[in-house]
Amino acid sequence: MIIYWIHDPILYVCNIFKFKKWRILLFIGICAFVLRINIIIQSLYPSVTQLTEQHKCPACYGVSACYNIHQINLLWHNINTIVSHLFGVKNVFFATYNQSKVVLKKLAQSSELKAFDVALCKKLHLEYPCMNVLLDKYIVDFDNSIKETITSNFSKDDSSRLRLCPTIQHLDDLFYNIHLNNKHIDPTQYLINLWTLVSLNPEPLILQILSAENGWPVPKYFGACGRIIIEEYIGPPLSDYYDKSWIQRAKIVSSLLNAAHMFTFKNKKFGFYLTDVSADNIAVDYKNVAKFIDLENIIVVDKNISLEGIPKEWHELQKNIMHFDCSNCFAFSAEDICNHHLSDHNYYAICQLLLDSTNENVFPGGFLHDVPVNIQLRYPNIEYLLQQCAIPNSTNSRIFFGQQLKTSLDAILEELF
Ligand SMILES: Nc1ncnc2c1ncn2[C@@H]1O[C@H](COP(=O)(O)OP(=O)(O)OP(=O)(O)O)[C@@H](O)[C@H]1O
Ligand SMILES: [Mg+2]
C-alpha cells in the first residue's frame, strides 16, 4: 500500500473516491448544509460584534463601550427584533448587560447608513465602498462640516436633525459635556465621530448634553462601539398605558408636563425643543415617569445671543398658532422657534399628543380619558386645562395652562397617597 501511494498518489486518491464516494459526498453535503445554516443563523441573529461594524471607524459613533462589548447579550426572543434586523428598518435591539436591560441602536435605517457611506466616499473623492481609509490623512474640514450640518436650513433640508440657532457662537458650551467625556480621544478621530453623529443621528450627543444623571427625562447613555450605541432600557412605550388606571396615567402626564418645563426652562443657556414627539418615542419607567427615548430631532435655541442683529421678535414668547390653519396636524415653524428666546413648542407637542387632537388617533378620547367621578367633582377643570394647553382660545399661554394642569394633577396625586 505504501509503495502504491508513493508510486501513484493520484491513483490512490481516485480509488478512495471510487470505493467511498457516497460517504465522501455525504460528508461534503453535510458540511455545506451546516455552513449554509450557519450563514443563515448569522444573518438572522448577528453577534454584537457584527453589529458594531468597527471597521467603519472613525466614521462611527465612538469606541468608549468597545472594551466590554462582549458582556452584552442580545435578546432575540422578540419577533419584532428579528424582523427589524432583517429589513434594517428600526435597527433597535434589546439586550442585557450586567443583569440590566439595555437598548442597542444603530441610529439609522440600513438604507440611510449606506447613503451616508456613499456620501463619505464621495467627499473623499474615492470609489464606494471606501473602507479602512485613514480618514485623518484627508484634508477634509470636519469642523466646518459639523457647523454646516447643524445650521442647515430646515426648509431646504428636512433631514436636519440637530439644529442650533439663531447662532452657533456658543457651540462649545453646548458640547461641553461631550468634550469632557471624550477628552482622551485623538482630536481628529473625535471630530470625525462628531461629524458622523450630527450627520446621521445626534441622539447620543443629546443624551450626554442632557444627561439622565443630571435629572433629564432621558435614558442613561452607556457609550458607543463602532456603529452602535448602548443606552438604558426605560420600559414599555406610552401607548401601552392607555388602558391603565387613571391615577397611573395622571402620574405619567404630570411627568410629561415636568419634562416640557425642563426642556424649555431648566438650562439657562439653551432651550431644547423636541420636534418628533409621538407615543412611540416616549417610554415609561417602573415609577410611571415618562422619558424621551428618541432624540433624533431637536432644535436648540441659544438663549443668550449677542444683541447685535437680534431678531425683532426675540424677546416675545413664540406661540404656535398653526392649529388655526390645521387643527388636526402636528405642525410647527422651525424658523419661528429660532427667532424667539422662548417658545411654547414643547407644551404644544405634549398636550396635542395627550389630547389626541391630531389625525393619528392613538388615544381615542385623550390619554386622560374617563376621569373618575370623585376627582371630576373636586377638580372639574382637568379636561379644560388640557384642552387649553393643546389649543388655547384665551389670552393665557399654553405654558400657563400646562403648568396649571400639572399643579392640579400633583394635588390629586398627593391627596390620594
Ligand atoms: N431606551 C429605550 N427604552 C425602551 N424602549 C426603547 C428605548 N429606545 C427605543 N425603544 C423602543 O424602540 C422603538 C424604536 O426606537 P427609536 O424610536 O429610537 O427608533 P427609530 O428607528 O428612530 O424609530 P422612528 O424613527 O420610527 O421613530 C421605540 O419606539 C421604543 O418602543
Ligand atoms: Mg422612534
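The following paragraphs examine the structure supplied in this document.

**A closer look at the site of ligand 1**
1) Next: What surrounds ligand 1 is a group of 16 residues, the closest being Lys-90, Lys-105, Glu-232, Ile-234 and Asp-280.
2) Next: The side chain of Glu-231 places a nitrogen or oxygen atom 3.0 Å from a nitrogen atom of ligand 1.
3) Next: Within the backbone of Ile-234, one N or O atom sits 2.9 Å away from a nitrogen atom of ligand 1.
4) Next: Burial of ligand 1 by the protein chains amounts to 79% of its free accessible area of 610 Å².
5) Next: Taken together, the residues of the shell around ligand 1 break down into seven nonpolar, two polar and seven charged.
6) Next: Built from parts of two domains, the shell around ligand 1 gets at least three residues from each of domain 2 (52–156 + 170–233) and domain 3 (238–416).

**Notes on the coordination of the magnesium ion (ligand 2)**
1) Next: At 2.2 to 2.3 Å from the magnesium ion (ligand 2) lie its protein donor atoms, namely Asn-281 (OD1) and Asp-294 (OD). Taken together, the residues span a long stretch of sequence, with Asn-281 in the loop between β7 (270–274) and β8 (282–284) and Asp-294 in the loop between β9 (290–292) and β10 (298–302) at a distance of 13 residues.
2) Next: The exposure class of Asn-281 is buried, given its relative accessible area of 10%.
3) Next: In this structure Asp-294 comes out as partly exposed when scored by relative accessible area, which is 23%.

**Remarks on the pairing of β7**
1) Next: Most of β7 sits out of view: five of its five residues are buried.
2) Next: Taking every second residue as pointing to the same face, both faces of β7 are buried, with Phe-270, Phe-272 and Leu-274 on one and Gly-271 and Tyr-273 on the other.
3) Next: Direction of pairing for β7 relative to β10: antiparallel, over a ladder of five bridges. When the bridges of β10 are listed, Tyr-273 appears paired with Ile-299.

**Quick word on the environment of Phe-175**
1) Next: When you line up the elements, Phe-175 lands in the loop between α7 (171–174) and α8 (176–181).
2) Next: Measuring from C-alpha to C-alpha, the distance between Phe-175 and Ile-206 comes to 9.0 Å, with 31 residues separating the pair along the chain.
3) Next: Contact partners of Phe-175, with chain neighbours within four places excluded, come to Leu-162, Leu-194, Leu-205 and Ile-209.

**Here we look at the sheet that holds strand β6 (residues 228–232)**
1) Next: Pairing is antiparallel across the open sheet formed by five strands, whose spatial order is β1-β2-β3-β6-β5. Two strands close off the open sheet at either side, each with one partner strand: β1 (73–74) and β5 (221–225).
2) Next: Here four bridges tie strand β3 (residues 100–105) to β6, and the two strands are oriented antiparallel to one another. Within the sheet, the bridge partner assigned to Leu-104 lies in β6 and is Ile-230.

**Some details on the layout of surface pockets**
1) Next: The computed volume of the second largest pocket comes to approximately 500 Å³.
2) Next: Along the walls of the second largest pocket sit 33 residues, with Ser-64, Gln-208, Tyr-221, Phe-222 and Gly-223 positioned nearest its centre.
3) Next: Breaking the lining of the second largest pocket down by element, the ones donating at least two residues are α8, α9 (187–200), α10 (203–209) and β5.
4) Next: Broken down by class, the residue content of the lining of the second largest pocket amounts to 21 nonpolar, ten polar and two charged.

**Considerations on the sheet that holds β7**
1) Next: Overall, mixed pairing links the three strands, which are arranged β4-β10-β7 in an open sheet. Each of the sheet's edge strands pairs with one partner strand only, and the pair in question is β4 (162–165) and β7. Strand-to-strand, the axes of this sheet are offset by a mean angle of 20°, without reference to chain direction.
2) Next: Bridge count for β4 against β10 is four bridges, and the pairing is parallel. Looking at β10, one finds that Arg-163 is bridged to Ile-299.

**Here's the deal with unusual backbone geometry**
1) Next: The linkage connecting Cys-57 with the following residue, Pro-58, adopts the cis geometry, with an omega of 10°.
2) Next: Relative to the elements of secondary structure, Pro-58 occurs in the loop between α3 (48–52) and β1.
3) Next: Residue Cys-165 is joined to Pro-166 through a cis peptide bond whose omega torsion reads -5°.
4) Next: By secondary structure assignment, the location of Pro-166 is in the loop between β4 and α7.
5) Next: Positioned with a positive phi, Gln-99 is a non-glycine residue whose angle comes to about 70°.
6) Next: One non-glycine residue with positive phi stands out, namely Leu-107, at about 70°.
7) Next: Its place among the elements puts Leu-107 in the loop between β3 and α5 (110–123).
8) Next: A relative accessible area of 6% means that Leu-107 is categorised as buried.

**A look at the pattern of salt bridges**
1) Next: Counting across every chain of the model gives 13 salt bridges.
2) Next: Between Asp-143 and Lys-147 there is a salt bridge whose closest N-O contact spans 3.6 Å. Residue Asp-143 and its partner Lys-147 are located together in helix α6 (residues 142–151), separated by four residues, close to a single helical turn.
3) Next: Using a relative accessible area of 34% as the deciding quantity, one classes Asp-143 as partly exposed.
4) Next: For Lys-147, a relative accessible area of 28% translates into the label partly exposed.
5) Next: One salt-bridge network, held together by shared partners, links Glu-53, Lys-56, Lys-106, Asp-117 and Arg-227.

Conventions and cut-offs
Residues numbered from 1 in each chain as written. Chains lettered and ligands numbered in written order. Predicted model: local features only at pLDDT ≥ 70, side-chain atom pairs only at ≥ 80, totals over all residues. Heavy atoms only, no water. Near = heavy atom within 4 Å. Polar contact = N/O pair within 3.5 Å; in protein donor to acceptor, adjacent residues only side chain to side chain. Areas by Shrake-Rupley, 256 points an atom, 1.4 Å probe, with all protein chains shown as cover. Nonpolar A, V, L, I, M, F, W, Y, C, P; charged D, E, K, R; others polar. Domains from an automatic or database assignment. Donors = N, O, S within 2.8 Å, 3.2 Å for Na, K, Ca; no water. Helix = DSSP H or I, 4+ residues; strand = E, 2+ residues; numbered from the N terminus. Buried < 20%, exposed > 50% of the residue type's maximum accessible area, 1.4 Å probe, protein only. Pairing = 2+ DSSP bridges. Contact = heavy atoms within 4.5 Å. 1 Å grid on protein atoms, 1.4 Å probe; cavity = no way out; pocket = protein on both sides within 12 Å on 5 of 7 lines; lining within 4 Å. Points joined across faces, edges and corners; volume = space filled by probe spheres on them. Axes fitted to C-alpha atoms, helices over the stretch in contact; angles between N-to-C directions. Salt bridge = Lys/Arg side-chain N within 4 Å of Asp/Glu carboxyl O.

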